[in-house]
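Report on the structure
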Amino acid sequence: MNDLEFSYLDATAAGNDALDAFARAHPDGSAYHLAAWRRAVAGAYGYPGQALVAHRAGQLVGMLPLSAVSRPLGKARWISLPFCDLGGPLAESAEVAEALAARARVDMGASKAAGLELRCSHDGALDEAALAGRKVRMLLGLPDSAAALMQSYPPKLRSQVRKAEKNGLTSEVASGDRAVAEFYDVYSRNMRRLGSPPHSRAWFDAIHRHYSAAGDMLIVIVRHEGKAVGAGWVLLCGDKAVIPWASTLAEYNPLAPNMLLYWTIQSQLCERGVRQFDFGRSTFGEGTYKFKKQWGALPLALDWREWDGQGVALHAAPIAVPGGGGIKANLRPMIENAWQKLPLAVTNSLGPRLRRYITL
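First things first, this report covers the structure right here in the doc.

**Points about the overall build of the protein**
The helix and strand inventory of the protein stands at twelve helices and 14 strands. Compactness check: the protein gives a C-alpha radius of gyration of 20 Å against a globular reference of 21 Å for 360 residues, within 12% of the reference. A principal-axis box enclosing the C-alpha atoms of the protein has dimensions of 65 × 45 × 45 Å. Within the protein, contacts between residues at least 6 apart in sequence are counted, and of these 72% link residues at least 24 apart. As displayed, the protein has an accessible area near 16,100 Å², and 54% of this comes from carbon and sulfur atoms. When the 41 positive and 33 negative side-chain charges of the protein are each reduced to one mean point, those points stand 7 Å apart.

**Points about the state of the cysteines**
All told, the structure shown has zero disulfides when counted by the stated rule. Not engaged in a disulfide, the cysteine C84 finds its nearest cysteine sulfur in C120; these two sulfurs lie 11 Å apart. Note on C84: relative accessible area 3%, which makes it buried.

**Topic: the pattern of salt bridges**
For the structure shown, the criterion picks out 18 salt bridges. When the shortest N-O distance is used, the salt bridge between R56 and D3 registers 2.7 Å. Of this pair, R56 sits in strand β2 (residues 49-56) while D3 sits in the segment before β1 (4-10); the two residues are 53 residues apart in sequence, bridging distant segments of the chain. By relative accessible area, which is 22% here, R56 ends up partly exposed. Between E182 and R178 there is a salt bridge, with its nearest N and O atoms 3.7 Å apart. Taken together, the residues span about one helical turn, with E182 and R178 both in helix α7 (residues 176-194) at a distance of four residues. Connected through salt bridges with shared partners, the residues R77, E117, R119 and E306 form a single ionic network.

**Details of the packing of aromatic side chains**
All chains considered together, the criterion is met by 25 aromatic pairs. Between Y262 and F291, the aromatic rings sit 5.2 Å apart at their centres with planes inclined by 75 degrees, giving edge-to-face as the arrangement. Placement of the pair is Y262 in helix α9 (residues 257-271) and F291 in helix α10 (residues 287-293), with a sequence separation of 29 residues. Sitting above the plane of the Y357 ring, R356 keeps its charged end 5.1 Å from the centroid.

**Some thoughts on the packing of helix α1 (residues 16-25) against helix α2 (residues 35-45)**
Interaxial distance between α1 and α2 falls to 9 Å at its minimum, and their mutual angle equals 125 degrees. What the angle tells us is that α1 and α2 run oblique. Contacts between α1 and α2 involve N16, L19 and D20 from the former and A35, R38 and R39 from the latter.

**Some details on unusual backbone geometry**
In this structure, L81 follows S80 across a cis peptide bond, with omega equal to 5 degrees. Along the polypeptide, L81 turns up in the loop between β4 (77-80) and β5 (90-91). Phi angles above zero are rare outside glycine, and F83 is one such case at about 65 degrees. Judged by its relative accessible area of 5%, F83 is buried. In this structure, E225 is a non-glycine residue whose phi angle is positive, near 55 degrees.

Basis of the calculations
- Residues numbered from 1 in each chain as written.
- Predicted model: local features only at pLDDT ≥ 70, side-chain atom pairs only at ≥ 80, totals over all residues.
- Heavy atoms only, no water.
- Helix = DSSP H or I, 4+ residues; strand = E, 2+ residues; numbered from the N terminus.
- Rg over C-alpha atoms; globule rule 2.2 N^0.38 Å.
- Contact = heavy atoms within 4.5 Å.
- Areas by Shrake-Rupley, 256 points an atom, 1.4 Å probe, with all protein chains shown as cover.
- Lys, Arg positive; Asp, Glu negative; His and termini not counted.
- Charge placed at Lys NZ, Arg CZ, Asp CG, Glu CD.
- Disulfide = S-S within 2.5 Å.
- Buried < 20%, exposed > 50% of the residue type's maximum accessible area, 1.4 Å probe, protein only.
- Salt bridge = Lys/Arg side-chain N within 4 Å of Asp/Glu carboxyl O.
- Phe/Tyr/Trp six-rings, centres within 6.5 Å; stacked < 30°, edge-to-face > 60°.
- Lys NZ or Arg CZ within 6 Å of the ring centre and 35° of its normal.
- Axes fitted to C-alpha atoms, helices over the stretch in contact; angles between N-to-C directions.
- Parallel < 35°, antiparallel > 145°, perpendicular 65-115°, else oblique.

On their own, these measurements won't tell you what the molecule is for.
Here is the structure:
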């Protein structure tokens, strides 16, 4: 790999269009690899974004997107990438990908950063025994039409989608500030119900601004009698798509808004030429995993790796399910319960101040 030339490219600098084209064409490229993600992270939370780029004989052969995430009173950590499931190097070969990771470890140490984290996906499918207790992506191959997609579903699933429509629910692809506002209302209420701090509205404004500029996103709203009761946000990268955020209002869940939401998203993607839909992160075998599996999605293990500031590996394994004991495990239900009791205005104000340090 001595013939590789490395350089860093700021997320706002000229040249990112070439990196985006590389990500769109790469079989492992995701919407998170696009410069829009690094720009949103920098704009909403102030964490600088750049890409480590590899050239050979003047040709682009690999890139590694990075954000420098600061801690309170601590050094920044390099993460590829924060607030999502997937980052890591994209390259023409495994050897170039490893060279990018190795160079990042060296440069991270020289910059006095606290560490490096790469969020990758496992190279191949694992059997169920190997997936037990692991975090996985759920991937679904899409046909070339919504009709073919509906026909591929088992009868029970088709009836659940139709049930949602019979319950008076409607769905639409929306855009603009109103769509962002309706999405955020559903999302923030759902996060409070779950006892978890939400992202800021500024984060979603930044995502909307940077992804909509190239047509790389869509928002789907599910309504009941005109009221938004479900919402999903999808990001696109060539013929691949991922859904980072989907929420419904709990009081309307008996009407099955989540079924109509996911059907509308998938059918829209089919018609737009998307051929792979990533349902996002789940714990193998748990509730959200089963919900995604019913649509036909298959698991692919996540492989998140971390090094300390001296470049020493801390672990090399996919995210595991947290242990069932200990002080943290016992405190979590208490914290979630207290959060659920706070007014929405408080959780929407306080939550983003906490969320900026929670990079999951």
